[in-house]
Amino acid sequence: MSTTGNRSKDLAAKYIKLGGRRRAVLDDNLVSTREWAQDTAEAEAFWRHEIESLPDAERKDVEKFLPGINAV
């Protein structure tokens, strides 16, 4: 069950809590991620199994809840 009522936000929060270090890049309404530091093994596995496998639109929604590159 979602803790915030927003599944995408919850997935992003769990990824970060597991040690995820990807950062969101928002440019002209296009969303992508960048990874400058290595994720923990748990965060990497979570990303691969829970986020990367989502349909494109849902994955982009999760990425919007990651810290932005300008927030680091």
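Refer to the structure printed above.
Residues numbered from 1 in each chain as written. Predicted model: local features only at pLDDT ≥ 70, side-chain atom pairs only at ≥ 80, totals over all residues. Heavy atoms only, no water.

Participant: Would you explain helix 1 (residues 7-17) in this entry?
Facilitator: Residue pairs three or four apart in sequence face the same way in an α-helix, which turns once every 3.6 residues. Of all the positions in helix 1, only S8, D10, L11, A12 and Y15 are classed as buried. At its buried positions, helix 1 is contacted by helix 2 (41-51) and helix 3 (56-63). Directly after helix 1, the chain includes G19, whose backbone phi takes a positive value near 105 degrees. (Buried < 20%, exposed > 50% of the residue type's maximum accessible area, 1.4 Å probe, protein only. Helix = DSSP H or I, 4+ residues; strand = E, 2+ residues; numbered from the N terminus. Contact = heavy atoms within 4.5 Å.)

Participant: Just to check I follow, could you spell out the pattern of salt bridges for this structure?
Facilitator: Note that side chains of opposite charge can pair when their charged atoms are close. Applying the stated criterion to the full structure yields 7 salt bridges. Of the charged contacts in the structure, one is a salt bridge between E63 and R59, with a shortest N-O distance of 3.4 Å. One end of the pair is E63 and the other is R59, both in helix 3 and 4 residues apart, which spans about a single turn. Accessibility expressed as a relative area gives 4% for E63, which makes it buried. The class of R59 is buried, set by a relative accessible area of 18%. E63 is paired through a salt bridge with K60; the nearest N and O atoms lie 3.9 Å apart. Here the residue E63 and the residue K60 both occupy positions in helix 3, the gap between them amounting to 3 residues, near one helical turn. For K60, a relative accessible area of 23% puts it in the partly exposed group. If you follow the salt bridges from partner to partner, you end up with R22, D39, E44 and R48 in one network. (Salt bridge = Lys/Arg side-chain N within 4 Å of Asp/Glu carboxyl O.)

Participant: What is the right way to look at the packing of helix 1 against helix 2 in this model?
Facilitator: Between two packed helices, what matters for the description is the angle formed by their axes and the separation of those axes. At their nearest, the axes of helix 1 and helix 2 sit 9 Å apart, and the two run at 160 degrees to each other. With respect to their mutual orientation, helix 1 and helix 2 come out roughly antiparallel. With respect to the hand of their crossing, helix 1 and helix 2 are arranged in right-handed fashion. Note on element contacts: helix 2 touches helix 1 through A43, F46, W47, E50 and I51, opposite L11, K14 and Y15. Counted by class, the contact of helix 1 with helix 2 contains 6 nonpolar, no polar and 2 charged residues. (Axes fitted to C-alpha atoms, helices over the stretch in contact; angles between N-to-C directions. Parallel < 35°, antiparallel > 145°, perpendicular 65-115°, else oblique. Left-handed = near helix turned anticlockwise from the far one by under 90°. Nonpolar A, V, L, I, M, F, W, Y, C, P; charged D, E, K, R; others polar.)

Participant: Which parts of the structure should I look at to understand the side chain of D39?
Facilitator: The topology assignment puts D39 in the loop between strand 2 (30-34) and helix 2. On the basis of relative accessible area, D39 is assigned to the buried category, the value being 6%. Only 2.8 Å separates the side chain of D39 from the side chain of Y15, close enough to count as a polar contact. A polar contact is formed between the side chain of D39 and the backbone nitrogen of R21, at a distance of 2.6 Å. (Polar contact = N/O pair within 3.5 Å; in protein donor to acceptor, adjacent residues only side chain to side chain.)

None of this, on its own, says anything about what the molecule does.
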